[in-house]
Amino acid sequence: MAIGWKGVFPAVTTQVREDLSLDLADTQRVVDDLINDGVTGVIALGTVGENNSLEFDEKVQVLTAIVEAVNGRVPVVTGVSEFDTRRAVRYAQAAEKIGADGLMLLPPMVYVPKAHELVAHFKGVADQTGLPIMLYNNPPAYRTVIDKDVLTALIDVKNIVAVKESAPDTRRFTDFRNTFGDRYTLFAGLDDVALEGLYLGAQGWVSGLTNAFPKESVELVKAFERGDHAKAMEIYRWFMPLLHLDAEHDLVQSIKLAEQVMGRGSERVLPPRYVLEGERRAEVIAMVERAAATRPDLTVAAAA
């Protein structure tokens, strides 16, 4: 499937059983529910999908199950988050065989590469797959930055087509557009600056909290696209307390707990993460319940 690279692409969760074995059937159900609620595509095995807590064979199982569940209804993009280029190429090629439509390629994990090493990593993966690639820039999390020099060095790599921008500095959207025009499609990648990203040139949103509130997420972007800025702002302001969770260290636990509160998935996570406890757990539950009780009216927006 060709990827339109626009709209809402939730980074979907990987569901696990009480013994922490993979629950592929429930992962498929979660993904199916999101598609039925109108998302544009799905990101399998991103950070929220707990990519780095899974063995290679487990990643293959999860991606295979998600591709099967999606069944061509929306594009499936999978995270490529590995220690080195060799492992990243192995998974990228496996993903292509499984039927993924694209890759979300991260910098090498643990080792912090210099700019030329980062370029070599991205080229090394891109050269070994025919899939379109979205690069994932998140300097606070990965301690390296995909800056203008890196993107300039990658201009001739035809299958690197998009950038998920998760830096909190929204000036980067304008700088990239001014420098590269439409060479790279930009996605907002940090939930609590998503609308700012759309206003500054992002074509879509890779989202975490969409897992708990997909209809509102989809309508937020649709309202922006049709020029209903009042409705987009209403949804965004309502959503913001939860969207801040995406920028926290415990985002995976918080998003999966939000899913559970909304009856969409389980809060269970894989080590080294553990479910939220005490005041933090109570705080997140209260935030989700408050959001559920004050959801914006989408009926007028849907009819517009």
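Note that this is a predicted model, so its numbers are computed, not measured.

### Describing empty space enclosed by the protein
Summed over the entire model, instances satisfying the criterion amount to 1 cavity of 30 Å³ or more. Approximately 30 Å³ is the volume found for the largest cavity. Around the largest cavity, the lining residues are Leu151, Phe176, Arg177, Phe180, Gly181, Tyr184 and Leu186. Broken down by element, the residue count for the lining of the largest cavity peaks at 3 residues, all from helix 7 (residues 171–180). Of the residues belonging to the lining of the largest cavity, the class tally is 5 nonpolar, 1 polar and 1 charged.

### Focus: the sheet that holds strand 7 (residues 185–188)
The 8 strands lie next to each other as 1-8-7-6-5-4-3-2, forming an open sheet whose pairing is parallel. Since the sheet does not close on itself, it has two edges, and those belong to strand 1 (7–10) and strand 2 (42–44), each with one partner. Within this sheet the neighbouring strands show an average axis-to-axis angle of 30°, counted without direction. As judged from the 5 bridges shared by strand 5 (residues 133–137) and strand 6 (residues 160–165), these two strands associate in the parallel manner. Its bridge partner being in strand 6, Ile133 is matched across the sheet by Ile160. Strands in contact with helix 2 (residues 56–70) are strand 2 and strand 3 (76–80); relative to strand 3, the strand with the most contacts, it is inclined by about 165°.

### Some points on the packing of helix 9 (residues 214–225) against helix 10 (residues 229–243)
Running from amino to carboxyl end, helix 9 crosses helix 10 at an angle of 150°, the nearest separation of the two axes being 7 Å. Remark: the crossing between helix 9 and helix 10 carries left-handed chirality. Contacts between helix 9 and helix 10 involve Glu216, Ser217, Glu219, Leu220, Ala223 and Phe224 from the first element and His229, Lys231, Ala232, Ile235, Tyr236, Trp238 and Phe239 from the second. Along the lines of polarity and charge, the residues of the contact of helix 9 with helix 10 split into 8 nonpolar, 2 polar and 3 charged.

### Looking at the pattern of salt bridges
Within the structure shown, the criterion is met by 17 salt bridges. With a closest N to O distance of 2.4 Å, Asp84 and Arg87 form a salt bridge. Assessed through its relative accessible area of 38%, Arg87 is described here as partly exposed. Ionic pairing is found between Arg295 and Glu216, a salt bridge with its closest N-O pair at 2.8 Å. Taken together, the residues span a long stretch of sequence, with Arg295 in the loop between helix 12 (278–293) and helix 13 (299–303) and Glu216 in helix 9 at a distance of 79 residues.

### A word on helix 1 (residues 24–36)
In this model, helix 1 (13 residues) spans 18 Å end to end at C-alpha, consistent with the 18 Å of a helix rising 1.5 Å per residue. Taken together, the buried residues of helix 1 touch strand 1, strand 2, helix 2, helix 9 and helix 11 (251–261). One or two residues past the end of helix 1 sits Gly38, with phi positive at roughly 105°.

### Let's talk about the environment of Arg264
Examined against the element boundaries, Arg264 turns out to sit in the loop between helix 11 and helix 12. Between the C-alpha atom of Arg264 and that of Val30, which follows or precedes it by 234 residues, the distance is 6.5 Å. Sequence-distant contacts of Arg264, defined by excluding residues within four places in its chain, comprise Arg29, Val30, Asp33, Leu34, Asp37, Asn211, Ala212, Pro214 and Glu259.

### Re unusual backbone geometry
Peptide bonds are trans in most cases, and residues, glycine excluded, mostly fall at negative phi. With an omega dihedral of 15°, the bond running from Pro271 to Pro272 counts as a cis peptide bond. Here Leu20, not a glycine, exhibits a phi torsion of approximately 70°, which is positive. Residue placement: Leu20 occurs in the loop between strand 1 and helix 1. Its identity as a non-glycine residue notwithstanding, Glu50 has a phi of 60°, on the positive side. By secondary structure assignment, the location of Glu50 is in the loop between strand 2 and helix 2. With a relative accessible area of 1%, Glu50 lands in the buried category.

What counts, and where the lines are drawn
Residues numbered from 1 in each chain as written. Predicted model: local features only at pLDDT ≥ 70, side-chain atom pairs only at ≥ 80, totals over all residues. Heavy atoms only, no water. 1 Å grid on protein atoms, 1.4 Å probe; cavity = no way out; pocket = protein on both sides within 12 Å on 5 of 7 lines; lining within 4 Å. Points joined across faces, edges and corners; volume = space filled by probe spheres on them. Helix = DSSP H or I, 4+ residues; strand = E, 2+ residues; numbered from the N terminus. Nonpolar A, V, L, I, M, F, W, Y, C, P; charged D, E, K, R; others polar. Pairing = 2+ DSSP bridges. Axes fitted to C-alpha atoms, helices over the stretch in contact; angles between N-to-C directions. Contact = heavy atoms within 4.5 Å. Left-handed = near helix turned anticlockwise from the far one by under 90°. Salt bridge = Lys/Arg side-chain N within 4 Å of Asp/Glu carboxyl O. Buried < 20%, exposed > 50% of the residue type's maximum accessible area, 1.4 Å probe, protein only. Expected span 1.5 Å × (residues − 1).

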